[in-house]
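# Notes for the structure review
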Amino acid sequence: MKHMWKIAKWEIMRNLTNKQFIIGLLLTPLIMALFAVVPVFLERWNRPSTSTYYVIDELGAAGQLQTLLPENIVLAEPTETGLAAVEKEVRETKASGYFVLNREFISTGQLELRYNDRNMDSLSTIRQGLTALLQHMRIAESNIDVGELAYVTAPAQVRQVAMEEDLEPEVMHMIVSVVFTILIFFLIFTSGTMLMQSALQEKRDRMAEVVLSSIRPATLMQGKIVGHFLLGLIQLGFWLALGLPIAVYFLDFPVLEALKAVNLPVILVFGLGGYLLFSALFVSLGATMEDMQSASNSQGLVVMLPMLGFLFMGPVTTNPDGAIAVFASLFPFTSPSIMMLRSGLTTVPLWQNLTAMALLLGTAFLTTLMATKIFRLGMLMYGKNATPREIIRWLRYKEN
Amino acid sequence: MDGLIVKGISKVYGSTTVVDNISFQAAQGKILGVLGPNGAGKTTIIRMIMGITAPDQGEIFFQEGGKRTRGVPLNLVGYLPEERGLYKETKVMNILLFLAGLKDMPKQSAKERAMEWLRKFGLEEYANKKVEQLSKGMAQKVQFIASILHEPKFVVLDEPFSGLDPVSQDQFKAEIRALATSGAAVLLSSHQMGIVEELCDEIFLIHKGKEVVQGDLQSIKERYGNFRVDVLADQEISLDNGRVESFQVLNGSRYRFILREGVEPLEFVHSFPAELGIRELVISRPSLHDIFVQIAQGGVEDEAYVEDSQMGDYA
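Reading guide: rules and limits
Residues numbered from 1 in each chain as written. Chains lettered and ligands numbered in written order. Predicted model: local features only at pLDDT ≥ 70, side-chain atom pairs only at ≥ 80, totals over all residues. Heavy atoms only, no water. Helix = DSSP H or I, 4+ residues; strand = E, 2+ residues; numbered from the N terminus. Rg over C-alpha atoms; globule rule 2.2 N^0.38 Å. Buried < 20%, exposed > 50% of the residue type's maximum accessible area, 1.4 Å probe, protein only. Contact = heavy atoms within 4.5 Å. Areas by Shrake-Rupley, 256 points an atom, 1.4 Å probe, with all protein chains shown as cover. Lys, Arg positive; Asp, Glu negative; His and termini not counted. Charge placed at Lys NZ, Arg CZ, Asp CG, Glu CD. Buried area = accessible area lost by both parts, 1.4 Å probe. Salt bridge = Lys/Arg side-chain N within 4 Å of Asp/Glu carboxyl O. Polar contact = N/O pair within 3.5 Å; in protein donor to acceptor, adjacent residues only side chain to side chain. 1 Å grid on protein atoms, 1.4 Å probe; cavity = no way out; pocket = protein on both sides within 12 Å on 5 of 7 lines; lining within 4 Å. Points joined across faces, edges and corners; volume = space filled by probe spheres on them. Nonpolar A, V, L, I, M, F, W, Y, C, P; charged D, E, K, R; others polar. Phe/Tyr/Trp six-rings, centres within 6.5 Å; stacked < 30°, edge-to-face > 60°. Lys NZ or Arg CZ within 6 Å of the ring centre and 35° of its normal. Pairing = 2+ DSSP bridges. Axes fitted to C-alpha atoms, helices over the stretch in contact; angles between N-to-C directions. Left-handed = near helix turned anticlockwise from the far one by under 90°. Core = buried A, V, L, I, M, F, W, Y, C linked by side-chain atoms within 4.5 Å. pLDDT = per-residue confidence, 0-100. Domains from an automatic or database assignment.

### Some points on the overall build of chain A
- Per the secondary structure count, chain A includes 18 helices and four strands.
- For a compact globule of 400 residues, the expected C-alpha radius of gyration is about 21 Å, and chain A comes in at 31 Å, more than 25% above that figure.
- Seen through its C-alpha atoms, chain A measures out along the principal axes to roughly 95 × 55 × 45 Å.
- Classification of the 400 residues of chain A by burial places 42% in the buried group.
- Restricting to contacts in chain A with at least 6 residues of sequence separation, those with at least 24 account for 73%.
- Here chain A has roughly 22,800 Å² of accessible surface; of this, 65% comes from carbon and sulfur atoms.
- Charge separation in chain A, taken as the distance between the mean sites of 30 positive and 32 negative side-chain charges, equals 22 Å.

### Comments concerning the overall build of chain B
- Of the regular secondary structure elements, chain B holds ten helices and 14 strands.
- Its C-alpha atoms give chain B principal-axis dimensions of about 75 × 45 × 35 Å.
- Taking contacts inside chain B between residues at least 6 apart in sequence as the whole, the part at least 24 apart equals 70%.
- Summing over all exposed atoms, chain B offers an accessible surface of approximately 13,900 Å²; the carbon and sulfur share of this is 47%.
- Chain B carries 35 positive and 44 negative side-chain charges, and their two centres are separated by 7 Å.

### Regarding the interface of chain A and chain B
- Each side of the interface is counted separately: chain A has 29 residues, and chain B has 30 residues.
- Of the roughly 3,000 Å² buried between chain A and chain B, counting both surfaces, carbon and sulfur atoms make up 56%.
- For the chain A face of the interface with chain B, the top three residues by lost area are A:W10, A:E209 and A:S213, together amounting to 21%.
- Our enumeration of links across chain A and chain B arrives at five salt bridges.
- The interface formed by chain A and chain B includes 16 residue pairs in polar contact (both at pLDDT 80 or more).
- Where the side of chain A that touches chain B is concerned, the elements lending two or more residues are α1 (2-16), α8 (171-204), α9 (208-212) and α17 (350-378) of chain A.

### Considerations on the layout of surface pockets
- As a volume, the largest pocket reaches approximately 1,200 Å³.
- When contributions to the lining of the largest pocket are tallied by element, the ones reaching two or more residues are α2 (19-46), α8, α10 (217-250) and α11 (255-260) of chain A.
- Per element, the largest residue contribution to the lining of the largest pocket is nine residues, and it comes from α10(A).
- Classifying every residue of the lining of the largest pocket by side-chain character gives 28 nonpolar, two polar and no charged.
- Each pocket or cavity is described by its volume, and for the second largest pocket that value is around 1,000 Å³.
- Lining the second largest pocket are 32 residues, with A:N15, A:N18, A:Q20, A:Q197 and B:E89 positioned closest to its centre.
- For the lining of the second largest pocket, the leading source of residues is α8(A), giving eight residues.
- Looking at the lining of the second largest pocket residue by residue, the class counts come to eight nonpolar, 14 polar and ten charged.

### Quick look at the packing of aromatic side chains
- Within this structure, the stated rule accounts for 22 aromatic pairs over all chains.
- Taking 6.3 Å as the distance between ring centres and 75° as the angle between the ring planes, the aromatic pair formed by B:W117 and B:F144 counts as edge-to-face. Taken together, the residues span a long stretch of sequence, with B:W117 in helix α3 (residues 107-120) and B:F144 in helix α4 (residues 136-148) at a distance of 27 residues. Both residues of the pair, B:W117 and B:F144, count as buried.
- Among the aromatic residues, ring-to-ring pairing joins A:F278, A:F312, A:F327, A:F331 and A:F333 into one connected group.
- Residue placement shows A:R14 over the ring face of B:Y87; its charged tip is 4.3 Å from the ring centre.
- Over the face of the ring belonging to B:F227 we find B:R285, whose NZ or CZ atom lies 4.0 Å from the ring centre.

### Digging into the pairing of strand β10 (residues 210-216) of chain B
All names here are of chain B.
- By the bridge criterion, six bridges tie strand β9 (residues 202-207) to β10 in an arrangement that is antiparallel. Residue pairing for β10: E202 is matched across the bridge by D216.
- With antiparallel pairing between neighbouring strands as the criterion, β9 and β10 make up a hairpin whose turn holds two residues, including K208 at a positive phi of roughly 50°.

### Details of the environment of B:D20
Residues and elements named next belong to chain B.
- Checked against the element boundaries, D20 lands in strand β2 (residues 16-27).
- You can call D20 partly exposed: its relative accessible area is 27%.
- As a C-alpha pair, D20 and I9 span eleven residues in sequence and 6.8 Å in three-dimensional space.
- Beyond its immediate stretch of four places on either side in the chain, D20 contacts I9, S10, G209 and K210.

### Remarks on the pattern of salt bridges
- Inspection of every chain in the model, using the stated rule, returns 25 salt bridges over all chains.
- For A:K6, the salt bridge identified is with B:D104, shortest N-O distance 3.5 Å. One end of the pair, A:K6, is in helix α1; the other, B:D104, is in the loop between α2 (92-102) and α3, on a second chain.
- As a salt-bridge pair, B:E198 and B:K173 come within 3.1 Å of each other at their nearest N and O atoms. With B:E198 in helix α6 (residues 193-199) and B:K173 in helix α5 (residues 166-181), this pair connects stretches of sequence that are 25 residues apart.

### Focus: the packing of α3(B) against α4(B)
Residues and elements named next belong to chain B.
- Closest axis-to-axis distance for the α3/α4 pair is 10 Å, and the angle between their directions is 145°. The interaxial crossing formed by α3 with α4 has right-handed handedness. Together, R113, W117 and L118 of α3 and F144, I145 and I148 of α4 make up the contact between the two elements.
- In the contact of α3 with α4, the residues fall into five nonpolar, no polar and one charged.

### Here's the deal with the sheet that holds strand β4 (residues 113-115) of chain A
Residues and elements named next belong to chain A.
- Read from one edge to the other, the open sheet built from four strands follows the order β2-β1-β3-β4, with strand pairing classed as mixed. The open sheet has two edge strands with one neighbour each: β2 (73-76) and β4. Averaged over all adjacent pairs, the angle separating strand axes in this sheet is 25°, with direction ignored.
- The pairing of strand β3 (residues 97-101) with β4 spans three bridges and is classified as antiparallel.

### Structural notes on the nonpolar core
- Judged by nonpolar contacts, the single largest core of 137 residues is most densely connected at B:L4, B:F24, B:I49, B:F144, B:F154 and B:L187.
- When residues in this core are grouped by element, the largest group, twelve residues, is from helix α12 (residues 264-287) of chain A.
- Residue contacts for B:F144: discarding those within four places in its chain leaves B:L80, B:W117, B:F121, B:L157, B:F172, B:E175, B:I176 and B:L179.
- Ranked by size, the runner-up nonpolar core spans 18 residues in total, among them A:V55, A:A62, A:L75 and A:L101.

### Let's talk about the confidence of the model for chain B
- For chain B, per-residue confidence averages 85 on the pLDDT scale, and 92% of positions sit at 70 or higher.
- For residues 298-315 of chain B, every residue scores under 50 in pLDDT, and the model assigns this stretch 38 contacts once sequence neighbours within four places are set aside.

### Considerations on the domain arrangement of chain B
- Splitting chain B by domain gives domain 1 (3-221) and domain 2 (226-284).
- When each unit is reduced to the centre of its C-alpha atoms, the spacing between domain 1 of chain B and domain 2 of chain B is 42 Å.

### What about the pairing of β2(B)?
All names here are of chain B.
- In this structure, strand β1 (residues 3-13) lies alongside β2, joined through eight bridges in antiparallel fashion. In the strand pairing of β2, G3 is matched with A27.
- Once β1 ends, the chain turns through two residues before running back antiparallel as β2, passing G14 with a positive phi of about 60°.

Here it is as structure tokens:
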């Protein structure tokens, strides 16, 4: 136990004094903020461009069409007559395109718009405007009463009221559980990768044998797992300390209130269980590898295992009580993230919660036992990747 | 006897017996040389002693102050493995303190002793530098310090001299000697026969996982190497008096006689004719290197060649 803490402390110390770790710590929130902010700005800068379209107006409807369009779409009347001349004018004035409004459009609804500038936004806006114009003109032609038409085409308005109060999805609760699901998932994945690299590094630096002459392999593995768990918490704490004040200040959302809605026991049990399961898997995986580049396909598959949860996120969100959702929240390789998500969307029956916990913890325990065996032999193998056959042989290997 | 006691250990990987019923002892105050060609099972034996892998059969004991324990207490042992390194991006002193901490050494005394050792090897200015700034030889000295910093009662050194320059080799030899003198049992594995011959009190030779011979150097030489007499003389020597087992012309008129077992060299020399005109006369036993090559026939004969990894031991 004492030695396990020494290893954990060493892992934490080594990472906290490592430039790469610190850069990652600072850069990750920056990159995330960038991803959130940059598209918004890009969108804003993109907005004010104006597109001019020439209309050969045989119907006298250009004025009406213009009222159906936003300001940045300008309809203009060509000074020339004849298609060729108009096309020339469009080119010369660098306008976006031109089209003909005639009787045929009203009867068939078909129109050819020749464009000079492939601006998807304005093209789609014009399309919408033309549709509206077409409807207006056809209504006028058919002598239909506009009020009557609105009455006929009005959509049904359904008010959904849950019979029991706790079925009512709380928006806040939902958002919080989605955010935490992603957070836990992110933590498991980054800590797992770091753990794998830590085992790899021990081998690459040829330190495994020296360290293993002082402590047992299981102790080394546990120390690494605990150390990286604490490192993950330090990371998370740092980001929360950095992000929460910003979120509270800038976001139009009661962040602090929402945090109270967090289902702490679910997060603790499934977060911790998920971490134990995947960390044991990742650290022993690192022990079977020579380096990252030489990882084989089967090793790559194990790295993808935590991603499984993402596959189920869509179906679970649309139907949180469906069979798929229940399965994914019981299956130990997806339950850490999915159970958290479900508990935000619906009320998960107690038996499912307990079964999922038992399955997850049991699988984590078994995985740790197997991982210990793989770890103790893998750490001492130099110069090559372990083959699946070797790993199976290691698993059958008897402990002293 | 205090020290390491290995009793009939065996290890089987798949269908190969890597270590076959090996027994030996390493007494405190003595240096035991474990020799063998590549793939002989040395690293496997060392790993079993360290408790990294377990023997399929047999037992390993450690006796300290008359009290015997099964297996070697990890805080009493110091280990310099053949596959060795250091965390590259970490400071020298931090690594030494970390490893000493794993051996339960108090931090303050570990720091003082680490500084002392670094000074001894002329590395004190590197204490707070990162390992990546060290040369290979310097790193090897730091690895050596790490393995003996906690004043172990039992030291295992696997190829400690590989890659060292002659000056550093002498330094290492002196320190290893000092370790034994201060009462530690030292187990040394090396391919450099000259050094082993010079340093070791006892020798244990294995080949293909089996014991070939063990004992002190002199008795091994007596058992495996008959006397040899090299003579440079004015006249051609032609004698066959039943004392010589084999005979070789080395170069020019230099002859080497390998004597039969039990033949006294002096008695042989007396049988030379008076008019022979001896210019040089050397009476010796074969070197450990010769014995090693002779015993490990089919093993690797070239010493310089014997430097690569021990993956064969692991299988």
